[in-house]
Amino acid sequence: MPIVQVEHVSKQFRLGEQMVLALDDVSLAIEPGVFLAIAGPSGSGKSTLLNIIGCIDTPSSGQVVIDGHDVSNRTPDQLADLRARTIGFIFQTFNLLPVLSAEENVEYPLLQMPELSKKDRDERVRHYLGVVGLTQYAKHRPNQLSGGQRQRVAIARALATHSKIVLADEPTANLDSKTGTSILKLMRDINRESGTTFVFSTHDRKVMNMADRLVRIADGRITALGMKSEDRWVFVQGRAPREDEAREI
Ligand code: ADP
Ligand code: MG
């Protein structure tokens, strides 16, 4: 069963007098354990789609089912609990709390889980800082860390709650290309080892090529779904890949 099902979702925003159709009848099923890229140009609806999957925003119409729960008609409180226990977020701007150290940032969402003792929290923090290679930097604050290290803290924070789905909105957009590639490789290794589902957005072709599933989006509509097979993309819906895209991988 898919871990995320998006059925005929549309999202309109009001911008002054105008209505903007950010998503236009989007349907998508995400299987558990995939490493999926949502790829499209700026303004195509990537963030809107991720925010709706992550229960940060609600659709104007359509249905969203996350891990078997229909979230379409949930109250904000019910959504907060589902979000905290099922979904981890990674943002382009890292979104760490500046006054907290790396380890305190990773611990922060765990404070919302009363079933975890201080000892449980400490163990998780130590474990996930180790997973992202930041054991030595536990006491550092965000402004004492590089961009890549900050994003590693954000990855540890997203994993520490044992999220089933990690959503990453352009996680490499503020990193140089080498650091961005190492962050994507880290996410992919974690995906392979733990089976955590990763969904990330990007407008960068090199980044999208690291995924094993691809959703192309343009003007709020899905234009193609791709699957990687023997290092080449096979498009299962929408247009066939152009020659240069097929060669590039
Ligand atoms: P992307 O992440 O692919 O750059 P977005 O999902 O942010 O695209 O935006 C899709 C469209 O919706 C754009 O036209 C954008 O201007 C519009 N949009 C997004 N959020 C809002 C908002 N809160 N209010 C008005 N328009 C918005
Ligand atoms: Mg965006």
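Note: the structure precedes this text.
Remember, it's a predicted structure, so these values are computed and weren't measured experimentally. (Residues numbered from 1 in each chain as written. Chains lettered and ligands numbered in written order. Predicted model: local features only at pLDDT ≥ 70, side-chain atom pairs only at ≥ 80, totals over all residues. Heavy atoms only, no water.)

**Student:** Any details on the pattern of salt bridges? Residues and values, ideally.
**Tutor:** Enumeration according to the criterion identifies eleven salt bridges in this entry. Of the charged contacts in the structure, one is a salt bridge between lysine 46 and glutamate 170, with a shortest N-O distance of 3.7 Å. Highlighted residues: lysine 46 in helix α1 (residues 46-53) and glutamate 170 in the loop between β7 (165-169) and α6 (177-194), separated in sequence by 124 residues. Each member of the pair, lysine 46 together with glutamate 170, is buried. Between lysine 139 and glutamate 103 there is a salt bridge whose closest N-O contact spans 2.6 Å. Note that lysine 139 is positioned in the loop between α4 (118-131) and α5 (147-160) and glutamate 103 in helix α3 (residues 102-107), a separation of 36 residues in sequence. With a relative accessible area of 63%, lysine 139 lands in the exposed category. Because the salt bridges share partners, they merge into one network encompassing Glu107, Lys118, Arg121 and Asp122. (Salt bridge = Lys/Arg side-chain N within 4 Å of Asp/Glu carboxyl O. Helix = DSSP H or I, 4+ residues; strand = E, 2+ residues; numbered from the N terminus. Buried < 20%, exposed > 50% of the residue type's maximum accessible area, 1.4 Å probe, protein only.)

**Student:** Can you explain the site of ligand 1? Please cite residues and give values.
**Tutor:** Around ligand 1 sit Phe13, Leu15, Val20, Ala22, Pro41, Ser42, Gly43, Ser44, Gly45, Lys46, Ser47 and Thr48, and that is every residue in its neighbourhood. Contacts to ligand 1 include glycine 43, whose backbone N or O atom sits 2.6 Å from an oxygen atom. Contacts to ligand 1 include serine 47, whose side-chain N or O atom sits 2.8 Å from an oxygen atom. In terms of residues, the shell around ligand 1 owes the most to one element, α1, which gives three residues. The class makeup of the residues in the shell around ligand 1 is five nonpolar, six polar and one charged. (Near = heavy atom within 4 Å. Polar contact = N/O pair within 3.5 Å; in protein donor to acceptor, adjacent residues only side chain to side chain. Nonpolar A, V, L, I, M, F, W, Y, C, P; charged D, E, K, R; others polar.)

**Student:** Explain the nonpolar core residue by residue, including any values.
**Tutor:** Residues Ile90, Ile155, Met187 and Phe200 are the most contacted members of the largest nonpolar core, which totals 43 residues. Sort the elements by how many residues they give to this core and α5 lands first, with seven residues. Leaving out residues up to four positions away in the same chain, isoleucine 90 has contacts with Gln151, Ala154, Ile155, Ala158, Val166, Leu167, Ala168, Asp169, Pro171 and Met187. By size, the runner-up hydrophobic cluster in this structure holds 30 residues, among which are Val4, Ile52, Leu82 and Ile217. (Core = buried A, V, L, I, M, F, W, Y, C linked by side-chain atoms within 4.5 Å. Contact = heavy atoms within 4.5 Å.)

**Student:** I'd like a description of the packing of aromatic side chains, backed by residues and values.
**Tutor:** Counted according to the given criterion, the structure contains three aromatic pairs. Taking 5.1 Å as the distance between ring centres and 50° as the angle between the ring planes, the aromatic pair formed by phenylalanine 35 and phenylalanine 200 counts as tilted. With phenylalanine 35 in strand β3 (residues 35-39) and phenylalanine 200 in strand β8 (residues 197-202), this residue pair connects regions lying 165 residues apart in the sequence. By relative accessible area, which is 0% here, phenylalanine 200 ends up buried. (Phe/Tyr/Trp six-rings, centres within 6.5 Å; stacked < 30°, edge-to-face > 60°.)

**Student:** Give me the environment of lysine 164: which residues, what numbers.
**Tutor:** Take lysine 164: it is sitting in the loop between α5 and β7. Remark: the alpha-carbon pair of lysine 164 and phenylalanine 198, spanning 34 residues in sequence, is separated by 8.7 Å. Apart from the residues within four sequence positions on either side, lysine 164 is in contact with Ile3, Asp67, Thr86, Thr196 and Thr197. Polar side-chain contacts of lysine 164 include one of 2.7 Å to the side chain of aspartate 67.

**Student:** Can you lay out the sheet that holds strand β4 (residues 61-66) for me, pointing to particular residues and giving the numbers?
**Tutor:** The pairing of strands in a sheet comes from backbone hydrogen bonds and takes either a parallel or an antiparallel form. The sheet built from four strands is open, its strands ordered β2-β1-β4-β5 with antiparallel pairing. Each having just a single partner strand, β2 (18-30) and β5 (69-70) make up the two edges of the open sheet. Inspection of the sheet shows β4 paired to β5 by two bridges, in the antiparallel sense. Note on β5: the bridge partner recorded for isoleucine 66 is histidine 69. Where α1 meets the sheet, its contacts fall on β1 (4-15), β2 and β4, and the angle it forms with β2 comes to roughly 60°. (Pairing = 2+ DSSP bridges. Axes fitted to C-alpha atoms, helices over the stretch in contact; angles between N-to-C directions.)

**Student:** Can you break down the side chain of asparagine 191 residue by residue, with the values?
**Tutor:** Tracing the chain through its elements places asparagine 191 in helix α6. By relative accessible area, asparagine 191 is classed as buried at 4%. Separated by 3.0 Å, the side chain of asparagine 191 and the backbone oxygen of glycine 33 make a polar contact. Separated by 2.9 Å, the side chain of asparagine 191 and the backbone oxygen of threonine 196 make a polar contact. Apart from the residues within four sequence positions on either side, asparagine 191 is in contact with Gly33, Val34, Phe35, Thr196 and Phe198.

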